[in-house]
Structures are given as C-alpha cells and as structure tokens.
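Results of the structural survey
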Amino acid sequence: MIGRRAADLLQRELPGAVLRSADAYGEQTVWISRERLVEACTLLRDHEEGRYTVPQFVTAVDWPDREPEEPRFDVVYQLRSLHYNDWCRLIVQVTEDDPTVPTLERVFAGMDWLEREMWDLLGVKAEGHHDLQRLLMPVDWDGHPLRKDYVSFGEPVAFTHNIEWALPEAERPPILPGESR
Amino acid sequence: MTTAGPIGPPPKVDPLSDQYEHGRDVLGVETGLDSVDLVELDENTMELNMGPQHPSTHGVLRLVLNLDGEIVRECRPDIGYLHTGFEKDFERHTYQQCIPYTDRMDYLSPLFNNLGFSLAAEKLLDIEVPPRGQYLRVILCELTRIASHLLWYGTSALDLGATSPFLYAWRDREKLLDINELVSGVRMHTSFIRVGGLLADVPDDFNELIIEVLATFPRLIDEHELLITKNPIWRERTIGLGTLTPEDAMSYGATGPVLRGSGIPYDLRKAQPYSSYDHFDFDVPIGAHGDVYDRYLVRMQEMRESLRIIEQAFNNLPDGPVNTSDRRVALPSRNELNTSMESLIYHFKLVTEGFRPPRGQVYSAVESPRGELGFYMVSDGSNRPYRCKVRAPSFSNLSALPHMVRHELIADVVAVIGSIDIILGDVDR
Amino acid sequence: MAVSDEGAIALPRVGAGERTAVQAGVITTTIEKVIQWGRYSSLWPALFGLACCAIEMMAATNPRYDQSRFGAEVFRASPRQADMMIVAGRVSQKMAPVLRQIYDQMPEPKWVISMGACASSGGMFNNYAIVQGVDKIVPVDIYIPGCPPRPEGLLDAIVKLQKKIAGERPGSLLG
C-alpha cells in the first residue's frame with residue numbers, strides 16, 4: 001500500500017495532526033489539520049523512517065458545492081521518498097473565506113514555485129511565502145482560472161444552433177449552412 | 001436567446017459587446033514585458049533581460065539576470081509565456097477527448113503524456129492492458145525517448161556553438177518520425193496511446209523499420225558521441241558547471257537525468273515499474289558530480305539503454321489483442337455492430353459520452369525523458385475528469401535554475417539551461 | 001494539308017559569329033521584378049518558434065527537407081535583421097505584447113507566416129489563455145493549417161509567399 005509508511009509514521013509521532021486517513025486504488029491518503037502541516041512535513045522529511053525529501057506537487061481541488069458542510073478546497077500535497085521508494089499524499093481542507101495554508105518553502109526548496117502556481121491558478125494563499133506573485137498568468141490578470149466558477153472562454157464558434165449568440169446580425173450569412181436544400 | 005454552446009454556457013456578459021473584459025486587451029496594451037522586480041544588490045550590478053524571444057532559451061522562457069560584469073549574481077526566471085490552460089481544458093472534455101490535448105504538453109515526447117494519462121485513467125477504472133499492448137507501448141515510448149534525447153543533443157550542442165551535431169541528430173530523428181508516421185499517420189502528436197490500449201495494432205512494415213533502427217542506431221549514437229564528448233572545447237564549457245548537489249536536487253523536486261546526473265540512481269521504470277517494464281533488463285546511468293557534462297553523459301547512455309529495451313521487447317513481442325476487452329472502455333467489434341442494435345447504441349454512447357470511472361483520486365507517474373511526469377486525477381463519477389493536475393518534470397527542474405547559475409558567467413547560463421532539457425509546454429501547461 | 005511557307009514572317013537568325021543578347025550576358029527586365037526577386041529569394045526568418053510547430057519549423061531546416069534551398073536558411077535571432085516572421089505555435093495572453101513588439105522591431109518590407117492551427121485561429125485551445133489567432137495582433141500573409149503542419153507544408157507556404165512577393169510592387173523603395 002503506497003503511503004502506508006507515512007500514515008503510520010504520522011499516527012505514531014503526531015497523532016493530533018491526523019484528522020483521518022483512507023485508502024483506495026492502492027494509495028493511502030492522510031487528512032492533516034492546517035496548523036500542524038509544517039510540523040508534519042518536517043517530520044516526514046527528517047525522520048529516519050520517513051525520508052520523504054522530494055516534493056512532487058501541490059495543488060487544490062475545488063468543490064464549490066460542498067460549502068457550507070465541508071470546506072471548499074482540498075489542498076493536496078504529495079511527497080516522494082527515494083530511500084524507501086514510496087510516496088504519500090496529504091490533504092488539508094480550507095474554506096472559501098480563508099483560503100490560506102502555511103508555506104512549506106522553508107521545508108522544501110521546490111515548494112516556492114509550486115505554491116506560487118497554486119496561488120495564481122486557484123487562489124489558495126501560502127502564508128509566509130517570501131514573494132507570492134503570479135507565475136503563469138500575466139501579473140495584472142484578474143481571477144483564478146482553475147476555479148470552477150471561472151468561465152474559460154476564447155471566442156464563440158458559430159454553429160447553426162447558436163448562431164444568434166455567436167455572430168452579430170451584420171456578419172451572419174444570408175443562408176445558413178444546411179438550409180439551402 | 002442564449003444556448004449552451006459546445007464550449008460550455010455563455011458568459012454573463014456578451015463577449016462581442018464593449019463591456020466584456022477579455023482579461024487583457026492585446027491590441028490596446030502598450031508593448032512591453034511584465035516587470036519582474038529584482039533586488040538591486042549594489043550599484044555595480046546591471047539588470048539584463050534574456051527575453052522570451054531568444055535563440056537559446058529552448059522556448060519562450062524569460063530570465064531576468066542581475067549581472068556584475070559577466071558574472072550572474074542572481075537569476076529570476078519568468079515563465080508563463082506558453083500557458084495554455086490544459087488543466088482547465090481537461091475538465092470539459094471526456095477522457096478519450098483529453099488524449100490529443102496531452103500530446104501538446106510535453107511536445108517533444110508526446111507519447112509519454114498519453115501514457116501517463118492513460119495509466120491514471122486505467123487505474124481509476126481498474127482495467128489491464130493486454131501484454132501485446134503493453135510491449136508495444138514500451139517500444140513506442142522508448143523510441144520517443146531516443147528521439148527526444150537526440151533533439152536535446154542537437155539543440156544544446158547548437159547553443160554552445162557546435163552546428164554539425166544539430167544536423168546529424170535531426171537526420172537520425174527523422175527515421176524515428178518515419179516510424180511514428182507508419183504507425184499512426186502523424187509525425188508528432190500521434191495520440192497513439194489511448195485509455196485501454198493503443199489506437200490500433202501496428203502494421204506489418206513496422207518490423208522492418210524496427211530492425212533497421214536496431215541495426216543502425218548504436219553506430220549512429222557512437223558517431224554523435226564522437227563529435228563532442230572528448231572535444232576540449234565542449235569539456236571546457238561543461239565540466240564543473242551548474243553543479244547540483246544531491247540534497248539540493250531532491251529539495252527542488254528535480255527528477256530524471258537532472259537527479260541522476262547528481263548521483264542518485266532513481267528511475268521510475270525500475271523503482272515503480274508500469275506497463276511491464278519489469279520484464280526487461282536495463283541499467284540506469286548516473287553521474288558523479290552533478291554538472292552539465294555528467295547530465296550530458298547520462299542522456300547519451302540512456303539512449304543506448306533504450307535501444308536495449310526496444311530490442312528485448314521487440315524480440316519477445318507477444319501476439320494477441322492490443323486493447324483491453326473490458327466492456328466499459330472497449331468499443332464493440334464490427335461483427336457485433338452488424339447484428340446487435342444494443343451494441344450500436346452502446347458504441348454511439350461510448351464514443352460521444354465516454355466512459356464513467358468511479359469516484360476517487362489516483363496518481364500515476366511515468367519516467368519521461370525529462371523526469372517524473374505524473375497525472376493526479378480526481379474523478380467525480382462523471383464522464384469528464386473533475387480535476388487533472390499534471391506534475392510537470394520541467395517545472396521542478398527549472399525551479400533549480402537560479403541555484404545552479406549563481407556566480408556563473410552569463411555565457412554559461414545557456415549551457416545550464418540546455419542541460420536541464422526543459423520544454424516550456426511542460427513548464428507552463 | 002502540307003504546311004507552306006507563304007505568309008510566314010522571316011525571323012532574324014543568328015549568323016555565324018553573332019550572339020543573342022542572352023548569350024552575351026544581357027537580359028531585359030523591369031526594376032520591380034528584380035527588386036522583388038531579390039526580396040523573395042532571400043527571405044530570412046526571425047526566430048519566433050513558440051511551441052510544437054517550432055519543432056517542425058526546425059525540422060524544415062533538416063537535411064531531408066532543407067529550407068535553405070528556398071533562400072530562407074538563416075534564422076536571425078535579432079528581428080532587426082529579419083524580413084519574415086514565422087509565428088510557429090500557440091500565442092498565450094502573456095506572449096501577445098512580446099509578439100507585437102518583435103513585429104514592430106522588424107524593418108520594412110516584412111511578411112508574416114502564421115504556422116499551424118493555433119497561430120491561425122487558436123487551434124484546439126478555445127479558452128482563456130490563448131489568443132484566438134495571431135491576425136488579431138499582426139497582419140498575416142500566409143496561413144498554414146495543420147497541427148503541426150508537415151515541414152513540406154511550411155516549404156509550400158514559403159514558395160507561395162515567394163509567388164506573392166513576386167506579384168507585389170516594391171512601393172516602399174521607389175517612394
């Protein structure tokens with residue numbers, strides 16, 4: 001079971017940090033409380049039985065319909081241990097009103113850019129980050145594209161079924177394709 | 001009257017009216033680059049912009065360099081000039097429709113993206129690809145790895161002033177693109193690896209081309225090495241440069257030849273084998289010092305190891321189907337379609353709506369030529385991925401660049417960027 | 001019927017020791033044609049490879065496809081030394097002002113080839129991040145379809161551009 005080592009380590013050393021743990025598809029996922037996140041990751045990185053030294057990614061999954069029963073964002077961290085050939089997944093849940101997590105950039109150097117990307121595309125802030133700026137979008141962009149309420153739109157493609165929406169009156173062809181027969 | 005068009009419901013403001021904010025009015029904005037603030041270290045430093053349009057940055061990468069004479073004091077990469085919004089596009093297409101999108105991310109090794117996505121979807125669905133499909137996937141992926149390394153070799157030698165390797169490497173790469181074209185009809189972006197197997201079985205001439213590749217490429221790779229490996233100019237320009245210690249490499253999240261060049265023998269094909277890589281016998285080359293020269297040697301040797309894998313896979317290629325027979329994913333066969341109405345309806349629904357994996361989240365990683373390419377896929381039970389995050393190897397490798405070029409000469413920045421082997425489509429997604 | 005010589009016009013024949021004008025090394029043409037011939041025979045592209053189409057653009061300089069036999073060999077890194085811009089690849093919102101700036105820095109006469117589906121119309125990416133066609137930013141002379149177009153497609157576009165230039169008038173030179 002992938003991630004079992006990390007889950008057991010956290011249960012043993014920091015039992016207060018683990019909110020719950022579940023496994024599916026051969027992978028174990030651990031839900032961590034936000035306040036103990038830095039402690040948990042430092043433990044996983046430094047402990048002899050863990051040695052999860054490689055940050056794989058940080059991202060957030062947006063479930064806007066879960067509010068108000070459950071927090072909106074699932075911030076997912078994955079760390080890899082080369083020594084024990086294992087990786088683990090940690091999830092921190094944050095709400096829409098307070099989408100912040102503590103920064104991990106002092107624990108792993110690679111978290112710098114990963115957290116900036118998460119802020120840019122999803123709007124989840126990493127508190128304590130030395131320079132949280134947009135990374136992939138232009139600096140003055142409005143909005144966070146990967147959120148579910150952000151409408152991703154390029155330009156309307158005109159078909160016959162949406163021609164009133166796609167083209168203004170002046171540009172519509174006099175005979176629509178398919179109508180001439 | 002507004003309808004839900006093929007790309008989703010229309011926005012609340014009519015996009016053709018004046019009030020619609022496109023986010024960035026490209027015609028009205030003054031032509032200039034986004035400013036990136038850099039700390040002025042002292043009065044003697046100069047800020048230099050190595051702009052997005054540059055012959056040696058391997059794509060649209062912008063570096064803001066703080067220079068003291070010729071020595072780089074600080075380097076700040078500014079990325080995002082190729083951001084395409086792949087992850088948003090994944091959320092509004094069905095699984096099989098996402099496969100052509102994955103091709104365009106890491107556009108030099110497109111089959112690895114297809115493979116990573118397919119493996120994640122297959123993990124969610126819990127289906128197994130038959131052995132012939134797995135072996136063919138291995139053969140095609142290793143051919144893509146050789147093609148990608150050849151291209152890297154040609155362009156990074158060109159950056160440092162050697163023009164012949166470029167032409168030699170690309171001439172040989174054409175032979176591999178011929179195989180792609182034979183198998184799928186397209187040179188790049190074949191979208192050949194689909195969820196459940198492959199697009200189709202390979203034709204008969206495939207064997208001849210593979211035998212020719214296996215016969216000629218070892219000598220050709222030796223020829224490429226002969227051009228520059230012992231060349232004193234190359235050695236002067238690359239040895240001892242851009243050193244990355246193993247601890248730093250791990251802390252930045254670097255994987256692939258960047259990690260292996262620093263001495264850590266971690267290769268996903270050996271450590272967590274997928275798609276029957278554990279049936280093959282090959283070695284994992286590692287470097288000793290973690291400099292540009294070691295990464296170069298690692299990649300040249302990886303090409304030879306890929307040839308070994310292709311030979312073993314080709315000689316033991318099993319017979320049988322290439323696609324899974326699981327009815328949730330596999331299209332009904334032609335015979336069935338001719339006789340059964342339900343099969344026809346099912347075929348139609350499977351093609352237009354796609355299959356529905358159960359709820360859950362999986363992560364599946366492959367060893368691409370750049371490192372660990374992973375797909376974190378969250379499914380909510382519908383026919384589209386709810387969230388598909390791509391773990392891009394070039395993104396993490398590039399974040400180690402400022403560390404690697406500190407206190408190097410500005411001409412060496414080019415050599416270091418070449419040695420990381422970044423693809424901006426992968427970095428920016 | 002037999003062909004007779006009646007009504008035939010006697011053409012001047014080249015006598016012994018005489019040469020035609022062409023053999024003497026003299027050709028007659030117009031200044032316009034010469035200028036345009038010079039322009040289209042050495043179209044130097046400005047490096048503007050963005051994404052996957054850039055790889056096929058580089059493949060067109062291979063020994064197999066060999067773009068330099070059409071004159072478009074040297075990719076100039078500086079736009080000030082180039083007269084053609086091949087926009088190869090998808091143009092994102094962040095890259096669009098840079099594209100315009102590079103185009104403005106090129107001296108006249110200049111032409112633009114929009115290579116690939118993404119440069120011509122946004123391609124398969126109808127979303128927030130990609131400009132839906134570079135003709136929203138720069139004027140385009142030739143569009144090449146394909147994702148990515150084969151190197152032969154790019155060569156065909158260069159040849160078509162050469163024919164187009166041959167038909168143009170070199171207005172900016174002659175005032």
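In this text, all values refer to a predicted model and were calculated from it rather than measured experimentally.

**Re the overall build of chain A**
- Within chain A, the regular secondary structure consists of four helices and seven strands.
- Reading the helices (α) and strands (β) of chain A from amino to carboxyl end gives α-β-β-α-β-β-β-β-α-β-α.
- The C-alpha radius of gyration computed for chain A amounts to 22 Å, which surpasses the reference 16 Å derived for 181 residues by more than 25%, pointing to a less compact arrangement than a globule.
- Summarising its shape, the C-alpha atoms of chain A cover approximately 75 × 35 × 35 Å along the three principal directions.
- Residues counted as buried form 56% of the 181 residues belonging to chain A.
- About 8,000 Å² of surface is accessible on chain A, with carbon and sulfur atoms providing 47% of the total.
- Taking the average place of the 20 positive charges on the side chains of chain A and the average place of its 34 negative ones, the gap between the two points comes to 5 Å.

**Thoughts on the sheet that holds strand S1 (residues 46–50) of chain B**
All names here are of chain B.
- Taken in spatial order, the three strands make up an open sheet running S1-S2-S3, and their pairing is antiparallel. Single-partner strands in this sheet number two, and they are S1 and strand S3 (71–78). Neighbour-to-neighbour, the strand axes of this sheet turn through a mean angle of 20 degrees, independent of strand direction.
- In this structure, S1 lies alongside strand S2 (residues 62–68), joined through five bridges in antiparallel fashion. Counterpart to Leu48 in the pairing with S2 is Leu65.
- Here helix H16 (residues 410–420) sits on the sheet in contact with S1, S2 and S3, set at roughly 145 degrees to S2.

**Let's talk about the domain arrangement of chain A**
- Under the domain assignment used here, chain A contains domain 1 (4–144) and domain 2 (151–181).
- Summarising the inter-unit geometry, the C-alpha centres of domain 1 of chain A and domain 2 of chain A are found 45 Å apart.

**Focus: the nonpolar core**
- Membership of the largest hydrophobic core comes to 206 residues, with the highest contact counts inside it found for Leu10(A), Val75(A), Tyr77(A), Val87(C) and Val91(C).
- Per-element tally for this core: the top contributor is helix H4 (residues 131–159) of chain B, with 14 residues.
- Each residue touching Val75(A), except ones within four places of it in the same chain, is listed here: Val58(A), Thr59(A), Ala60(A), Leu90(A), Ile91(A), Val92(A), Val94(A), Val101(A), Met118(A) and Val124(A).
- Ala72(C), Met84(C), Ala88(C) and Ile144(C) belong to the second-largest nonpolar core, a separate cluster that totals 18 residues.

**Some details on a negative patch on the surface**
Residues and elements named next belong to chain B.
- Together, Asp204, Asp205, Glu208 and Glu212 make up a region of like negative charge exposed at the surface.
- Structurally, the position occupied by Asp204 is in the loop between strand S5 (197–198) and helix H6 (205–228).
- Using a relative accessible area of 68% as the deciding quantity, one classes Asp204 as exposed.

**Description of the packing of aromatic side chains**
- Following the criterion strictly, the structure yields 19 aromatic pairs over all chains and no others.
- Judged by centre distance (5.8 Å) and plane angle (85 degrees), the rings of Tyr150(A) and Tyr128(C) are edge-to-face. Of this pair, Tyr150(A) sits in the loop between strand S7 (125–127) and helix H4 (163–166) while Tyr128(C) sits in the loop between helix H4 (117–121) and strand S4 (142–144), placing the two residues on different chains.
- The buried category is assigned to Tyr128(C), whose relative accessible area is 4%.
- The interplanar angle of 45 degrees and the centroid separation of 5.6 Å between the aromatic rings of Phe90(B) and Phe117(B) together place this pair among those described as tilted.

**Things to note about the side chain of Arg391(B)**
- Within the secondary structure, Arg391(B) sits in strand S8 (residues 387–391).
- As a buried residue without a salt bridge, Arg391(B) has its nearest oppositely charged side chain in Glu372(B), at a separation of 4.5 Å.
- Contact partners of Arg391(B), with chain neighbours within four places excluded, come to Pro55(A), Gln56(A), Phe57(A), Gly253(B), Thr255(B), Tyr363(B), Glu372(B), Leu373(B), Gly374(B) and Ser396(B).

**Some points on helix H13 (residues 341–352) of chain B**
Residues and elements named next belong to chain B.
- With 12 residues, H13 extends 17 Å between its outermost C-alpha atoms, agreeing within 8% with the 16 Å of an ideal straight helix rising 1.5 Å per residue.
- Where H13 begins, the capping side chain belongs to Ser340, and its oxygen is found 3.4 Å from the backbone nitrogen of Glu342.
- Downstream of H13 by a residue or two, Gly354 has a phi angle that is positive, lying close to 90 degrees.

**Section: the interface of chain C and chain A**
- Each partner contributes residues to the interface: chain C has eight residues there, and chain A has 13 residues.
- Surface buried jointly by chain C and chain A totals about 860 Å² across both partners, of which 57% is contributed by carbon and sulfur atoms.
- Area buried by chain C at its contact with chain A is led by Lys94(C), Asn126(C) and Tyr128(C), which between them contribute 69% of it.
- The interface formed by chain C and chain A contains zero salt bridges.
- Put simply, chain C and chain A have one residue pair in polar contact (both at pLDDT 80 or more) between them.

**Considerations on the pairing of S3(B)**
- Here seven bridges tie S2(B) to S3(B), and the two strands are oriented antiparallel to one another. Each residue of the ladder has a partner; that of Asp68(B), found in S3(B), is Ile71(B).

**Concerning empty space enclosed by the protein**
Residue and element names in this part refer to chain B.
- The tally for this structure, following the rule as stated, stands at seven cavities of 30 Å³ or more.
- Roughly 120 Å³ of internal volume is contained in the largest cavity.
- Together, 14 residues line the largest cavity, and Thr144, Ala147, Leu177, Asn180 and Arg187 are the ones closest to its centre.
- With five residues, helix H5 (residues 164–184) is the largest single contributor of residues to the lining of the largest cavity.
- Here the residues of the lining of the largest cavity sort into 10 nonpolar, two polar and two charged.
- As a volume, the second largest cavity reaches approximately 80 Å³.

**Structural notes on the sheet that holds strand S2 (residues 27–32) of chain A**
All names here are of chain A.
- Read across the open sheet, the five strands follow the order S1-S2-S5-S4-S3; overall the sheet is mixed. The sheet terminates laterally at strand S1 (18–24) and strand S3 (54–62), the two strands that pair on one side only. Mean inter-strand twist for the sheet, computed between neighbouring axes without regard to direction, equals 20 degrees.
- The pairing of S2 with strand S5 (residues 86–94) spans three bridges and is classified as parallel. Bridged to Trp31 within S5 is Ile91.
- Contacting S1, S2 and S5, helix H1 (residues 4–13) runs over the sheet at an angle of about 30 degrees to S2.

**A word on the interface of chain B and chain A**
- Listed per partner, the contact involves 58 residues of chain B and 59 residues of chain A.
- Considering only the surface of chain B that becomes buried against chain A, Lys88(B), Tyr386(B) and Phe395(B) emerge as the three largest contributors, covering 12% of it.
- Seen at the junction of chain B and chain A, the total is six salt bridges.
- Glu91(B) serves as the salt-bridge partner of Lys148(A), at 2.9 Å between the closest nitrogen and oxygen.
- Per-element accounting of the side of chain B that touches chain A gives the leading share, five residues, to strand S6 (residues 360–368) of chain B.
- Partitioning the side of chain B that touches chain A into residue classes produces 29 nonpolar, 13 polar and 16 charged.

What counts, and at which threshold
- Every chain's residues receive numbers from 1 upward, in the order its sequence appears when written.
- Written order decides the labels, with chains lettered from A and ligands numbered from 1.
- In view of the model being predicted, local features appear only for residues whose pLDDT reaches at least 70, and side-chain atom pairs are presented and counted only at 80 or more, with totals across whole chains, interfaces and linings using the full set of residues.
- By convention in this description, side-chain values take in all heavy atoms of the structure and omit both hydrogens and water.
- Strands are runs of DSSP state E lasting at least two residues, helices are runs of H or I lasting at least four, and both sets are numbered from the N terminus onward.
- Throughout, radius of gyration means the C-alpha value; the globule benchmark is 2.2 Å times the number of residues raised to the power 0.38.
- Between buried and exposed lies partly exposed: a residue is buried under 20% and exposed over 50% of the maximum accessible area for its type, with that area taken using a 1.4 Å probe on protein chains only.
- All accessibility values rest on the Shrake-Rupley procedure with a 1.4 Å probe; residue burial counts only the protein chains present in the view.
- Positive charge is attributed to Lys and Arg, negative charge to Asp and Glu, and no charge count is given to His or to the chain ends.
- Charge coordinates come from a single atom per side chain, which is NZ of Lys, CZ of Arg, CG of Asp or CD of Glu.
- Two strands pair if DSSP finds at least two bridges between them.
- Every axis in this analysis is a line fitted to C-alpha atoms, fitted for helices over the stretch in contact. Angles between the N-to-C directions lie between 0 and 180 degrees.
- A contact between two residues is defined here by any heavy atoms of the two lying within 4.5 Å.
- Either an automatic procedure or a domain database provided the assignment from which the domain bounds are taken.
- Throughout, nonpolar core names a set of buried Ala, Val, Leu, Ile, Met, Phe, Trp, Tyr and Cys residues whose side chains join them through atoms within 4.5 Å.
- Here a patch means residues that are over 30% exposed by relative accessible area and free of salt bridges, tied together within 9 Å if like-charged and within 5 Å if nonpolar (Val, Leu, Ile, Met, Phe, Trp, Tyr).
- Salt bridge, as applied in this entry: a Lys or Arg side-chain nitrogen positioned within 4 Å of an Asp or Glu carboxyl oxygen.
- Only Phe, Tyr and Trp rings are paired, with Trp represented by its six-membered ring, and only when their centres lie within 6.5 Å; those with planes under 30 degrees apart are stacked, over 60 edge-to-face, the remainder tilted.
- The span one expects for a helix is its residue count, reduced by one, times 1.5 Å.
- Distance and chemistry together define a polar contact, namely a pair of N or O atoms within 3.5 Å, with one atom able to donate a hydrogen and the other to accept it when in protein, and with adjacent residues in sequence counting only for side-chain atoms on both sides.
- By buried area we mean the combined loss of accessible area, with a 1.4 Å probe, across both parts when two parts are placed together.
- Whether a set of points on the 1 Å grid over the protein atoms alone is a cavity depends on a 1.4 Å probe fitting there but being unable to get out, while an open set qualifies as a pocket with protein on both sides within 12 Å along at least five of seven lines; lining residues are those with an atom within 4 Å of a point.
- Grid points are joined across faces, edges and corners, and a volume is the space filled by probe spheres set on the points.
- Residues are grouped as follows: nonpolar covers Ala, Val, Leu, Ile, Met, Phe, Trp, Tyr, Cys and Pro; charged covers Asp, Glu, Lys and Arg; every other residue, Gly included, is treated as polar.

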